[in-house]
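# Coordinate inspection notes
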There are 2 protein chains.
Amino acid sequence: MSDVARAAGVSAMTVSNVLTGRRRVSPATRSRVEQAATHLGYELNLTARHLRAGRTDTVALVVPHFDHPYFGELAARLAGLLAAEDRHLVVEQTGASREAELAAVARARARWQLYDGVVLSAVGMTAADLDAMHTSVPLVLLGEQEMSARYAHVRMDNVGGARLATAHLLAAGARRIAVVGGAEPSAEAGMMPARTLGWSLAHDDAGVQAAPELIVRAPADLTSGRDAVRRIVREGLDLDAVLAVTDSLAVGVLAGLAEAGRRVPDDVQVVGFDNLASSEFTVPALSTVDPGHEWLATETLRLLEAAIARGPAAAADGAADVPQHVTAPARLVLRGTTRDHRD
Amino acid sequence: MSDVARAAGVSAMTVSNVLTGRRRVSPATRSRVEQAATHLGYELNLTARHLRAGRTDTVALVVPHFDHPYFGELAARLAGLLAAEDRHLVVEQTGASREAELAAVARARARWQLYDGVVLSAVGMTAADLDAMHTSVPLVLLGEQEMSARYAHVRMDNVGGARLATAHLLAAGARRIAVVGGAEPSAEAGMMPARTLGWSLAHDDAGVQAAPELIVRAPADLTSGRDAVRRIVREGLDLDAVLAVTDSLAVGVLAGLAEAGRRVPDDVQVVGFDNLASSEFTVPALSTVDPGHEWLATETLRLLEAAIARGPAAAADGAADVPQHVTAPARLVLRGTTRDHRD
DNA sequence: CTGAAAGCGCTAACAT
DNA sequence: ATGTTAGCGCTTTCAG
């Protein structure tokens, strides 16, 4: 920068002023500076500006794995909202497992200071892990960990959404509903247990006995969805519907059912959860639970703004002005993998 | 940091030494420092370190849009490779259109200095745009722009891949092959023209007349794939196969064909291009061109390393040691949307 | 093994 | 409208 200043015959301060536009600079000087800058191929050093300013106008979204469409969609939404105020979004990855997440978070404490705020989507961390994590960086948590009082938290209505979906299947006549990606039902233990709880509650609501052997454990990916169906078929389990706890699983389930020659929705109905953009385009089109994407993104940023406003200092202590915990409203999207109600 | 130093009764320098491990520190001092740091909740300021060091150990992948599975997969691969050497990957988005890309690139010149190197995946920029873009940041280009001599460039074999796929369709008996996402055939004008050229050349190879009315223009997304089929059906166009220039389009095409009651592959065969992870799970499973993902990621980083080693200074001038341009080898992956050869 | 000084490149605050 | 000074928080270099 001083090179440019020298070339233009002014001080570094004036160059800075031209670049930021913060102070009035006479047109003549301005153009001399601009010429000199172009001529020298000068590029502002943001690292230095950030150090000086103590802020970076950048928010990070930290996700378990880059390669998951859900986070891509979320990132795009957040980036859109941030761009409107001239701020940037960068996406970083932790690495899915609890261990990887903890390691990443440990390393990240320092790293996150590079950002004005962080949206952390943690899948493997427990509430205890979160409490052990101290960071002064304004943070919003996304996901299904138990609430940590120290950080703002945005979550989906997993129980409600799964309950809605299962209720629809039951109303459409299904009586043997497998929950692929299921787990021990619980509102507290993560996404899979919560969605399984919704499945279970819907059965109670309808006065139908839920069959525990239809809880099919599976990681939330495409391959596992197909494998789950193969397993079900191999074991000769009777079923007339599937609640897949994620759309990725549902896509795998559809592939598995096709492979097994089961017709969807005539023989087996399927409902997913997430309403990914691609889910409208499966054959048949996937019925699914929409977790309230827009709402989630907007609310996440609102809470992050609040955390940033509270200041990095306050982020760590349970200030009077407590971080909020909100739940997005889920909504059922009916397409071609379910039959109509019979009522 | 000076706070920690004071609390531990040492100098800031010693704190730094404890943190970096670069110099020997006596165990006693080390533990005093560590205690003080934990006690004060001290977090190293990376911005300052980066300013001082002139490097950030971070590489950025800049993509048109977060919400595209192809880039998610690429990012995951690059992150994996980088993590092995304790370096970080962040993903940023430009915004798909040429205008957005140019604006982003203009703003980005300064921004990219935050990184040791940048992998830029540009879809809308022309060679002229690239030449107009001066940056001292080590850069590798991904995509189908004409080669810019100034930057290393990794591309897919679009022409070869599409030619391979089309040849297979022709050999399997198809004679009316629509190219969805097609364009004026050309090796120079971007991904769509290149893949359309492959389609055209395969016809020449087989001595079959390619029907120009079967070039169906469409942006590369799911909806457009379905819309393209709807248009084809509405216009009563005769066809027995589709080359979709991306897997996303192909998925939309499959949805459109299902909607129109055309059986795949009996009535219409379909081949995509990209081999996304999800493409194995369509019904029927999508036959597609694999652009050599692994190879692409590895090669990209190799070239980026070279650019970084050449140094930021050299990035701008056409040094003796010229940046390289490489093309990944494409491979046909046959699954359920194509019929077998009849030869 | 530890410390003091200096500076990375920028900009707020205070001159002029 | 422009310049001077000082300092953001770290680490390299040179001294002890």
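As a reminder, the structure under discussion sits directly above these lines.
Description of the structure in this document. Nothing here was measured: the structure is a model prediction, and the numbers come from that model.

How each quantity is defined
- By convention here, each chain's residues receive numbers from 1 onward along its written sequence.
- All chains are assigned letters beginning with A, and all ligands numbers beginning with 1, in the order in which they are written.
- pLDDT decides what is reported in this predicted model: residues at 70 or higher carry local features, side-chain atom pairs at 80 or more are listed and counted, and totals for whole chains, interfaces and linings draw on all residues regardless.
- Where side-chain values are given, they derive from all heavy atoms of the structure, hydrogens and water being excluded.
- Elements are defined by DSSP. Helices are runs of H or I of four residues or more, strands are runs of E of two residues or more, and each kind is numbered from the N terminus.
- Residue exposure (1.4 Å probe, protein chains only): buried if accessible area is under 20% of the type maximum, exposed if over 50%, otherwise partly exposed.
- Here, two residues are considered to be in contact whenever any of their heavy atoms come within 4.5 Å of each other.
- A cutoff of 4 Å decides nearness: a residue is near a molecule or strand if any of its heavy atoms lies inside that distance of it.
- Two N or O atoms count as a polar contact when they lie within 3.5 Å, although within protein this holds only if one can serve as hydrogen donor and the other as acceptor, and sequence-adjacent residues are included solely when both atoms are side-chain atoms.
- Residues are grouped as follows: Ala, Val, Leu, Ile, Met, Phe, Trp, Tyr, Cys and Pro are nonpolar; Asp, Glu, Lys and Arg are charged; all remaining types, including Gly, are polar.
- Only residues with pLDDT of at least 70 in both copies count here: their C-alpha atoms drive the least-squares fit that superposes the copies.
- When two components associate, each loses some accessible surface as probed by a 1.4 Å sphere; the sum of these losses over both components is called the buried area.
- Within this document, salt bridges are pairs made up of a side-chain nitrogen of Lys or Arg and a carboxyl oxygen of Asp or Glu, the two lying within 4 Å of each other.
- Here an angle of 0 to 180 degrees is reported between the N-to-C directions of two axes, which are lines fitted to C-alpha atoms, with helices fitted over the stretch in contact.
- Reported orientations rely on four angle classes, namely roughly parallel under 35 degrees, roughly antiparallel over 145, roughly perpendicular from 65 to 115, and oblique for the rest.
- Two strands are said to pair when DSSP picks up at least two bridges between them.
- Crossover handedness is defined here as right-handed if the route from the first strand over the helix to the second strand goes clockwise, with the strands pointing away from the viewer.
- The span one expects for a helix is its residue count, reduced by one, times 1.5 Å.
- Bend at a residue means the angle formed by two fitted axes: the first through the 7 residues ending at that position, the second through the 7 residues beginning there.

It is worth spelling out the overall build of chain A at this point. When you go through chain A residue by residue, the secondary structure sums to twelve helices and twelve strands. For chain A, the C-alpha atoms occupy an extent of roughly 85 × 40 × 35 Å along the three principal directions. Expressed as a percentage of its 343 residues, the buried residues of chain A come to 54%. When contacts within chain A are restricted to residue pairs at least 6 apart in sequence, those whose partners lie at least 24 apart make up 69%.

In the region of DNA strand D, 23 residues are neighbours, and A:T29, B:M1, B:M13, B:Y42 and B:R49 sit closest. Of all DNA strand D atoms lying within 4 Å of any protein atom, the proportion belonging to sugar or phosphate reaches 59%. Here B:N45 contributes a backbone N or O atom positioned 2.9 Å from a phosphate oxygen of DNA strand D. Looking at the surface near DNA strand D residue by residue, the class counts come to nine nonpolar, seven polar and seven charged.

Our next topic: the relation of the copies chain A and chain B. In the superposition of chain A on chain B (RMSD 0.1 Å, axial shift 0.0 Å), the rotation amounts to 180 degrees. Expressed as a symmetry operation, the mapping of one chain copy onto the other fits a two-fold axis. Ranked by how close their C-alpha atoms come to the rotation axis, the residues of chain A are headed by A:V91, at 2.5 Å. Here 100% of the contact residues of chain A are again contact residues in chain B; the copies associate through an equivalent surface.

Next up on the list: the interface of chain A and chain B. Contacts between the two partners involve 49 residues from chain A, matched on the other side by 49 residues from chain B. Buried surface at the junction of chain A and chain B, summed over both partners, amounts to about 4,000 Å²; 63% is from carbon and sulfur atoms. Linking A:E43 and B:R109 is a salt bridge whose minimum nitrogen-to-oxygen distance equals 4.0 Å. Where chain A packs against chain B, one counts eleven residue pairs in polar contact (both at pLDDT 80 or more). For the side of chain A that touches chain B, the elements supplying multiple residues, two or more each, are helix 4 (46-53), helix 5 (69-83), strand 2 (88-93), helix 6 (98-111), helix 10 (222-234) and helix 11 (247-260) of chain A. For the side of chain A that touches chain B, the leading source of residues is strand 2 of chain A, giving six residues. Each residue belonging to the side of chain A that touches chain B can be placed in one class, and the counts come to 24 nonpolar, 16 polar and nine charged.

Next up on the list: the packing of helix 2 (residues 12-20) of chain B against helix 3 (residues 27-40) of chain B. All names here are of chain B. At a minimum axis distance of 10 Å, the contact between helix 2 and helix 3 shows a crossing angle of 95 degrees. The orientation of helix 2 with respect to helix 3, classified from their angle, is roughly perpendicular. Residues T14, V15 and V18 of helix 2 touch helix 3, and the partners they reach there are T29, R30, V33 and E34.

Residues in contact with DNA strand C amount to 23 residues; listed here are only the nearest, A:M1, A:Y42, B:T14, B:R24 and B:T29. Among atoms of DNA strand C positioned within 4 Å of the protein, sugar and phosphate together represent 60%. Contact between DNA strand C and A:R22: a phosphate oxygen at 3.1 Å from a side-chain N or O atom of the residue. Within the backbone of B:S26, an N or O atom sits 2.9 Å from a phosphate oxygen of DNA strand C. When contributions to the surface near DNA strand C are tallied by element, the ones reaching two or more residues are helix 2 (12-20) and helix 4 of chain A together with helix 2 and helix 4 (46-53) of chain B. For the surface near DNA strand C, a count of residues per class yields nine nonpolar, seven polar and seven charged.

All names here are of chain B. Strand order in the open sheet formed by six strands is 7-6-8-9-10-12, with mixed pairing between adjacent strands. The sheet is open, and its two edges are formed by strand 7 (215-216) and strand 12 (331-333), each paired on a single side. Bridging between strand 10 (residues 287-290) and strand 12 involves three bridges; their strand directions are antiparallel. Of the residues in strand 12, the one forming a bridge with V289 is L332. Across the sheet, helix 8 (residues 158-171) lies against strand 6 (177-180), strand 8 (241-244), strand 9 (269-273), strand 10 and strand 12, angled at about 165 degrees from strand 9, the strand it touches most.

Let's shift gears to the sheet that holds strand 10 (residues 287-290) of chain A. In a beta sheet, neighbouring strands are held together by backbone hydrogen bonds and run either parallel or antiparallel to one another. Residues and elements named next belong to chain A. The six strands lie next to each other as 7-6-8-9-10-12, forming an open sheet whose pairing is mixed. If you trace the sheet from one side to the other, it starts and ends with strand 7 (215-216) and strand 12 (331-333), each paired once. As judged from the two bridges shared by strand 6 (residues 177-180) and strand 7, these two strands associate in the parallel manner. By the bridge assignment for strand 7, V179 is matched with I215. On top of the sheet, helix 8 (residues 158-171) reaches strand 6, strand 8 (241-244), strand 9 (269-273), strand 10 and strand 12; it is set at about 165 degrees to strand 9, its chief contact.

Residue and element names in this part refer to chain A. Neither face of strand 8 is exposed, since A241 and L243 on one face and V242 and A244 on the opposite face are all buried. Inspection of the sheet shows strand 6 paired to strand 8 by four bridges, in the parallel sense. The partner of I177 across the bridge, within strand 8, is A241. With three bridges joining them, strand 8 and strand 9 adopt parallel strand pairing. When the bridges of strand 9 are listed, V242 appears paired with V270. You can see the chain leave strand 8, run along helix 11 and come back into strand 9, and the turn it takes is right-handed.

Taking 1.5 Å as the rise per residue, helix 6 (residues 98-111) of chain B with 14 residues should run 20 Å; its terminal C-alpha atoms sit 19 Å apart, in good agreement. The sharpest bend along helix 6 of chain B comes to roughly 30 degrees, located at B:V105. Within helix 6 of chain B, burial applies to B:E101, B:A104, B:V105, B:A108, B:A110 and B:R111. As for helix 6 of chain B, its buried residues are in contact with helix 4, strand 1 (58-63) and strand 2 of chain A together with strand 2 (88-93) and strand 3 (117-121) of chain B.

We now examine the pattern of salt bridges. Residue and element names in this part refer to chain A. Summed over the entire model, instances satisfying the criterion amount to 40 salt bridges over all chains. Residue R6 pairs with D3 through a salt bridge whose shortest N-O separation is 3.6 Å. Taken together, the residues span about one helical turn, with R6 and D3 both in helix 1 (residues 2-8) at a distance of three residues. On the accessibility criterion, R6 (59% relative accessible area) is exposed. A salt bridge links R230 to D227, with the shortest nitrogen-to-oxygen separation between them at 3.7 Å. With R230 and D227 both in helix 10, this residue pair falls three residues apart, about one helical turn. When its relative accessible area of 34% is taken as the criterion, R230 is described as partly exposed.

Glancing now at the side chain of B:T135. Residue and element names in this part refer to chain B. With respect to the secondary-structure elements, T135 resides in the loop between helix 7 (127-132) and strand 4 (139-142). Judged by relative accessible area, which is 1%, T135 ranks as buried. Looking at T135, its side chain comes within polar contact range of the main-chain nitrogen of V137, at 3.1 Å.

That's the geometry; what it means functionally is another story.
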